[in-house]
Amino acid sequence: MEQAAGCAAVGGSYPQKNAEILSSQYGINLFLAGLLLTFAWAVHAVGISKSHLLSYLITLMLIQLLWMLWYLCRSCTQRRLIQDKDTHAGARWLKCGITLFAVITLILDSFKIGYYIDFSNCLSPTEGIFPVTHAVHTILQVYFLWCHAKDVIQSFKTLERFGVIHSVFTNLLLWTNGVLTESKHQLNEHKERLITLGFGNITIVLDDHAPQCNCTTTTLCSIFSQGIYYLYPFNIEYHILASTMLYVLWKNIGRKVEHHQQSKTPFKFHGITVGMIFGLMVLTSTIAIVVVYLIQIGGSKIKSELALTMFYLHAIFVLALMCTAGIVALLIYRLEDRSLDNSKNPARKLDAELLVGTAAGSWLLSWGSILAIICAQGHPKYTWYNLPYSVLVIIEKYIQNLFIIESIHREQEKVNDDIKTLRIVTISRGTTLSLTPLYKEIYNGRATRDSGDIPCLFKGSICGRENDGAGVAREEMSQDNSLVMHSASDFSFCRGNSVTNNKRRILKNIAAFLFLCNLSLWIPPAFGCRPEYDNGLEEIVFGFEPWIIVVNLAMPFSIFYRMHSAASLFEVNCKT
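The paragraphs below set out a description of the structure included in this document. Note that the coordinates shown come from a computational prediction; the quantities given were computed from them, not determined experimentally. (Residues numbered from 1 in each chain as written. Predicted model: local features only at pLDDT ≥ 70, side-chain atom pairs only at ≥ 80, totals over all residues. Heavy atoms only, no water.)

Here we look at the overall build of the chain
The number of helices and strands found in the chain is 16 helices and four strands. Relative to its full complement of 576 residues, the chain shows a buried share of 48%. Taking as baseline every contact in the chain between residues at least 6 positions apart, the subset at least 24 positions apart corresponds to 85%. When the accessible surface of the chain is split by element, carbon and sulfur atoms take 64% of a total near 29300 Å². (Helix = DSSP H or I, 4+ residues; strand = E, 2+ residues; numbered from the N terminus. Buried < 20%, exposed > 50% of the residue type's maximum accessible area, 1.4 Å probe, protein only. Contact = heavy atoms within 4.5 Å. Areas by Shrake-Rupley, 256 points an atom, 1.4 Å probe, with all protein chains shown as cover.)

In structure tokens form, the structure reads like this:
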């Protein structure tokens, strides 16, 4: 009988496994078709226009909107249908982050609508429909993720797998479209900057698909066209975050969840002052460097070289500090004896894979720069700073990945039972004025006042013990003996606890510092400060077109890595 039940369970898993395989293949084919359509538009393929690409994206968004509305309606009518929740998925700070990016994405959509209105004479209607559809899609998707990111779906599993994976790859295609549009806009600017540095032999002509008509309102057109490309980095981050949260939801479909509550780990500023101060100093200086870089680069050869030198020196200093902080954190971990949490956790597994996978983008660019420096025949002075910068990028991400992955896999430190059973006792003239019930008693829903052995609260040289009014003399007589009995163990415990607290404080400061540093290093490439484009040495060695292709492929992963690392370090800080 047991064997028959086991066979039935195994047999029941096959349809769900097939549904997972079929849905993943559906999503991949959906993405590849959109990717080829995007590529065809980018290279001016015959018969493919931007309206075809936008029509495809609009269709995908409408299908996702229908699925999300159906899911939300079903959840409202059958509230008890989905009971299991993945406490690790959809953290509140992650939801707040994606909401911030979504709000800026809505501003971007409004700029696109205004841009379409000004150029409506020569733009396809799909360019006006797309931002409206995208705005509705963004609002509903953020609401969906806020309400259902933690769901572990146990009904309509086959249908839901296709709906969720469709949403994942729709967001990935929207991310790809944003990356391509933003990259095409910057190529002409980078070409002009290279010419000012003396690389005049670059003669490639680039096309940014500008409208072939005049704007109805010149001032507004300029504001819309320039503002759109400054907002694209936030749109890009929004879609990649949405796709990762939806992917975790997809992996959780049909999963058996262990029924235990995860302890809440709120973020606190207490104890991380040093890390925050140094991190804010790095953030402030980085913003200043980016502003000066964007003003100086392309102005003249001297100004461009000074801007590149300034950027490299600042980045070398910051990366060296980050390497040092990461090494110190890893050394502290080596001194601790704490086991790793190897339980099944799709969100944590995805975090680790994304860290290593997206870091490969920066590593590719860094190795390209190192090879260019080694192989180039001529070396302008500023290019030599690129060598330590590229080496430090590789080392820093190697160390930081190790620190983050080990941190998110470490089991949270359990509070000692002796601490949980301590009573907070206020002593005045040998009598108890206030008494807090036992933690275990409150936890178990009772507050009994047993007369057994009551643990002693040791703080400094004071050991307060509970006593009744009639036993004051007896308590005074036994006070010396009580102190002798408890002093050795209490002193040992307090000393060990003090060392542990010092380690935790150092780790929290390191996590806070690295969090702000990663935000700082996200800003330059996200807003056009990209020396990989501007120094010119790689273009001479590899050729302009090949190197631009490499940068355009690797840069989005490099940008996402910094934002994802910042999010992971925020979680590390909360858990530590």
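Observations regarding the environment of Lys-150
For Lys-150, the location among the structural elements is in the loop between α4 (126-148) and α5 (157-196). The spacing of Lys-150 and Met-245 is 95 residues in sequence and 9.2 Å in space, taken between C-alpha atoms.

Observations regarding helix α9 (residues 346-375)
If you check α9, its first and last C-alpha atoms are 43 Å apart, about what 30 residues at 1.5 Å a residue would give, namely 44 Å. The largest bend along α9 reaches roughly 25° and is located at Gly-361. (Expected span 1.5 Å × (residues − 1). Bend = angle between axes of the 7 residues up to and from the residue.)

A look at the packing of aromatic side chains
Each aromatic ring pair is summarised here by two numbers: the centre-to-centre distance and the angle between the ring planes. Within this structure, the stated rule accounts for 19 aromatic pairs. Judged by centre distance (5.9 Å) and plane angle (55°), the rings of Tyr-293 and Phe-311 are tilted. Pair noted here: Tyr-293 is in helix α7 (residues 273-296) and Phe-311 is in helix α8 (residues 301-335), with a separation of 18 residues, a long-range link. On the basis of relative accessible area, Tyr-293 is assigned to the buried category, the value being 0%. Residue Phe-311 is classed as buried on the basis of its relative accessible area of 8%. Linked through ring pairs, Phe-101, Phe-234, Trp-522 and Phe-527 together constitute an aromatic cluster. (Phe/Tyr/Trp six-rings, centres within 6.5 Å; stacked < 30°, edge-to-face > 60°.)

Structural notes on the packing of helix α2 (residues 50-77) against α4
At their nearest, the axes of α2 and α4 sit 9 Å apart, and the two run at 30° to each other. In terms of orientation, α2 lies roughly parallel with respect to α4. Crossing of α2 over α4 shows left-handed handedness. Along the lines of polarity and charge, the residues of the contact of α2 with α4 split into 17 nonpolar, ten polar and two charged. (Axes fitted to C-alpha atoms, helices over the stretch in contact; angles between N-to-C directions. Parallel < 35°, antiparallel > 145°, perpendicular 65-115°, else oblique. Left-handed = near helix turned anticlockwise from the far one by under 90°. Nonpolar A, V, L, I, M, F, W, Y, C, P; charged D, E, K, R; others polar.)

Quick word on helix α10 (residues 386-409)
Here α10 contains 24 residues, and its C-alpha end-to-end distance of 35 Å stays within 8% of the 34 Å for a straight helix at 1.5 Å per residue. By the criterion of burial, α10 is predominantly enclosed, with 17 of the 24 residues buried.

Quick look at empty space enclosed by the protein
Under the counting rule described, the total for this entry stands at five cavities of 30 Å³ or more. The calculated volume of the largest cavity comes to roughly 320 Å³. Lining the largest cavity are 24 residues; nearest its centre among them are Phe-311, Tyr-389, Val-393, Leu-521 and Glu-532. When residues of the lining of the largest cavity are traced back to their parent elements, those giving at least two are α7, α8, α9, α10, α13 (472-526), α14 (531-534) and α16 (544-575). For the lining of the largest cavity, the class distribution of residues is 13 nonpolar, seven polar and four charged. Volume-wise, the second largest cavity comes out at about 120 Å³. Around the second largest cavity, the lining comprises 14 residues; the ones closest to its centre are Glu-182, Ile-236, Arg-530, Pro-556 and Ile-559. (1 Å grid on protein atoms, 1.4 Å probe; cavity = no way out; pocket = protein on both sides within 12 Å on 5 of 7 lines; lining within 4 Å. Points joined across faces, edges and corners; volume = space filled by probe spheres on them.)

Re the nonpolar core
Ranked by internal contacts, the top residues of the largest apolar core, which has 120 residues, are Phe-144, Phe-311, Met-322, Tyr-389, Phe-403 and Leu-514. It is helix α6 (residues 218-251) that contributes the most residues to this core, 16 residues altogether. Counting the residues that make up this core, at least three belong to each of domain 1 (14-256) and domain 2 (270-411 + 499-575). The contact partners of Leu-514, leaving out residues within four places of it in the chain, are Met-322, Ala-325, Gln-400, Phe-403 and Leu-569. (Core = buried A, V, L, I, M, F, W, Y, C linked by side-chain atoms within 4.5 Å. Domains from an automatic or database assignment.)

Remarks on the pattern of salt bridges
Applying the stated criterion across every chain yields a total of five salt bridges. The salt bridge involving Lys-50 is made with Glu-127; its shortest N-O contact spans 3.9 Å. Within this pair, whereas Lys-50 is found in helix α2, its partner Glu-127 is found in helix α4, the two being separated by 77 residues in sequence. The class for Lys-50 is partly exposed, based on a relative accessible area of 29%. Ionic pairing is found between Glu-160 and Arg-74, a salt bridge with its closest N-O pair at 2.6 Å. Here Arg-74 lies in helix α2 and Glu-160 lies in helix α5, a separation of 86 residues in the sequence. For Glu-160, a relative accessible area of 0% puts it in the buried group. (Salt bridge = Lys/Arg side-chain N within 4 Å of Asp/Glu carboxyl O.)

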